[in-house]
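A closer look at the structure
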Amino acid sequence: MLPPSRIQQFLRLRPPPLRLSRRNYIANTRFSPLVPPPPSSLPKPRPARQISARTRKNVRRLIYTTGVLGTFYLADVYLNYSTFTRNIRTVTTCILIAADYKLNFNAGKDAAQLSRIHERNADRMLGLCLHNGGLYQKIGQAIAMQSAILPPIVQEKFSRFFDETPQASYKEVERVLREEFGDRFPGLSGSEIADRIFVPGSFEKRAVGSASIAQVHKAKLPTGEEVAVKIQKPWIQRQVGLDLWVFRGVTYFFSTWMFGLPLSFLTPYICERLYSETDFYNEAQNAQRTAEFISSEPTLKGRIYVPKVFNELSTKRVMVAEWIDGVGVAERQVLTGPYRDDNSVGHTINTPRSISNRQGPIKRVRGVGEGYSDRNNLRIYGLGVREKDVMQTMVDVFCAQMFLFGFVHCDPHPGNILVRRLPNGKPQLVLLDHGLYITTTPKFRHQYALFWKSLFTFDNETINNIATEWGIGNNDLFASATLLKPYQGGTKEMATIVGGSKAGGPKTAYEASQQMREKVAEFIVNQDQMPRELVFIGRNMRIVQAHNQNFGAPVNRLKIIANWASYALARSMKEAGLERSWGQIMRGWWEHAVFKVVVFGLDWSFWLGRVRQVVFGGVGFEEGLEQRLRAVAKEEFGVELQGESVFAG
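The paragraphs below set out a description of the structure included in this document. Quantities reported herein were computed from a predicted structural model and do not represent experimental measurements. (Residues numbered from 1 in each chain as written. Predicted model: local features only at pLDDT ≥ 70, side-chain atom pairs only at ≥ 80, totals over all residues. Heavy atoms only, no water.)

1. Topic: the overall build of the protein
Scanning the protein from terminus to terminus reveals 25 helices and 10 strands. For the protein, buried positions account for 48% of its 649 residues. Pairs at least 24 apart in sequence give 70% of the contacts found in the protein among residues at least 6 apart. (Helix = DSSP H or I, 4+ residues; strand = E, 2+ residues; numbered from the N terminus. Buried < 20%, exposed > 50% of the residue type's maximum accessible area, 1.4 Å probe, protein only. Contact = heavy atoms within 4.5 Å.)

2. Notes on the packing of aromatic side chains
Taken as a whole, this structure holds 13 aromatic pairs when the rule is applied. Relative to Phe84, the ring of Phe72 lies with its centre 5.5 Å away and its plane at 50 degrees, an arrangement referred to as tilted. Taken together, the residues Phe72 in helix α3 (residues 53–79) and Phe84 in helix α4 (residues 83–104) connect sequence positions 12 residues apart. Note on Phe72: relative accessible area 39%, which makes it partly exposed. (Phe/Tyr/Trp six-rings, centres within 6.5 Å; stacked < 30°, edge-to-face > 60°.)

3. Quick look at the environment of His131
Looking at the secondary structure, you find His131 in helix α5 (residues 111–132). Among the polar contacts made by the side chain of His131, one reaches the side chain of Arg89 at a distance of 3.2 Å. (Polar contact = N/O pair within 3.5 Å; in protein donor to acceptor, adjacent residues only side chain to side chain.)

4. With respect to the sheet that holds strand β5 (residues 318–322)
Read from one edge of the open sheet, 4 strands run β1-β2-β3-β5, paired in antiparallel fashion. The open sheet terminates on both sides in strands that have one partner only, identified here as β1 (209–210) and β5. In this sheet, β5 lies alongside strand β3 (residues 226–232) in antiparallel orientation, the contact comprising 5 bridges. In the strand pairing of β5, Ala228 is matched with Ala321. (Pairing = 2+ DSSP bridges.)

5. Topic: helix α21 (residues 533–550)
Along its 18 residues, α21 runs 26 Å from first to last C-alpha, staying within 8% of the 26 Å computed at 1.5 Å per residue. Counting buried residues along α21, 16 of its 18 residues qualify, which places the element largely inside the surrounding structure. With its phi angle positive at about 90 degrees, Gly552 sits one or two positions after the end of α21. (Expected span 1.5 Å × (residues − 1).)

6. A closer look at the packing of helix α15 (residues 387–405) against helix α16 (residues 442–457)
Close contact between α15 and α16 brings their axes to 8 Å; oriented N to C, the two are set at 125 degrees. Relative to α16, the element α15 lies oblique. Residues Met402, Phe403, Leu404 and Phe405 of α15 touch α16, and the partners they reach there are Arg445, Tyr448, Ala449 and Trp452. Partitioning the contact of α15 with α16 into residue classes produces 7 nonpolar, no polar and 1 charged. (Axes fitted to C-alpha atoms, helices over the stretch in contact; angles between N-to-C directions. Parallel < 35°, antiparallel > 145°, perpendicular 65-115°, else oblique. Nonpolar A, V, L, I, M, F, W, Y, C, P; charged D, E, K, R; others polar.)

7. Focus on the environment of Gln447
Here Gln447 shows up in helix α16. Separated by 23 residues in sequence, Gln447 and Trp470 have C-alpha atoms that sit 9.8 Å apart. Residues in contact with Gln447, not counting those within four places in the same chain, are Ile466, Glu469 and Trp470.

8. As for the pairing of strand β9 (residues 427–431)
In terms of burial, β9 is a largely internal element, 5 of the 5 residues being buried. Residues Pro427, Leu429 and Leu431 point to one face of β9 and Gln428 and Val430 to the other, with burial holding for every one of them. Direction of pairing for strand β4 (residues 304–305) relative to β9: parallel, over a ladder of 2 bridges. Looking at β9, one finds that Tyr305 is bridged to Val430. The pairing of strand β8 (residues 417–421) with β9 spans 5 bridges and is antiparallel.

Right under this line is the structure:
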């Protein structure tokens, strides 16, 4: 307890002064209202800004239009697989290309400037095809096979069209299965339907291959057979109709309005054939019919194989076929590498058997270079087959289709041909993807075979008669387009144009293009008479020529075609509608024997080229031809051609 004196001392202390904050001070002060200034002291009021009725209407229209277009775009992308957006992109790109050529391709440009125009617009086309996919993948493949027109950098990019395209997700695959098999298996999911049709769990969710229209999954039937299940991508059904409609419009724009060429009449037939690719019932029938024709031709038995189709398990958008193990025809080194056993295919030379037996064969060698590129530093085991045998079989089967069967596979690009080794060491070609076919009449086949035979005997009168009956006005151009090189037996107009100024032809690229344009305009004089089938037959022959070039031209392709044409004129084939009397048959065989003697004399240039190639390391017959054309194209036309294969990379 404090003493009293201490308590008094505390009581005498003065309290600390009270410190009020500004806030407390304001709160405790007396409020005085603010007195407004008198009206006389204020400035005159400004009138409110008026927005015209027209401006308000335009703003509303802009908002509504943006909303509608935005909604349409989102709905098209997320609900309609960009069906409209991709075709708007097509029209826009084509307008840019047309404007570029219209404004910049003129007589004042030199070869280097024209080369840049070609490259710029080919790059635009490349971006369009890659971005759109679907049927545009087919267009890209067709462009990629035309190695005579593209600049090197664009050729390298276009080779990507032979790689796999993006796959549809497994959910989308399930939806296609439900839509196609829902009637047979009501209430089941896509996975459950797959387990009902195939061995449960055998249907691989990830596709083993993906192309422009469909993708392939591997599965196993309850019978134990391994099968390839080809499933159409879900967006194809929605996109194909509008894609082909836009294709018609673009073709008409470029051929009629842009270049003044009478080519748009071909588009209905082209669209019809392309649309048929989306019907797998049609593809199954084509495959079966081709297999029957091949079995009926003794020269092709055992050399060509068509996978069996299971019709009872196939629909319009799903096709089940026999699974085939083989090596792609583009894998040159895998095909020609030394053979040890099936499991060693694709493995390096120093790989032990124990490892190759455990891992199995490698169908595609990845690493430095792809396809036809030179990989001599990488020694691997392969099928041990000869390039000559592969190309001989390939040319034979398509010649038989053109001249005998009248039923032609028009899409033989590298992804649609497999090669496997027979027990006797010979190659067997497996034909895949039978969606794009054309059918020809017996009369057309007879005339086409006679036309080819006349090209080799320089029978210009027969060539002129057939061309006239087909409504073609420029025989020299038609012969050159058929041979895929300038025809030397007629007026030599094409040889002069392609040869440039050194051959007495046009001095500049612009003059050459104008002369070529005039010749094409003269080409078709009667649209009703021209056989539409020539378009797809030409596509087939150009792709086969590219295969031969990229193998180093091991066979004389033109000689083989001419021999088949002569052979077909002597054959009587009831299955294909080619029935001839005994007198016609005997006369045909006699003429065929005489023709083979004539062709043997004309074949010296090829064999001399082969000897020079083997002994001195030169190039093949068709490679040499392409190199000569490449030099002329660079110097005279402003088009730089690719030195390597379009399949490289």
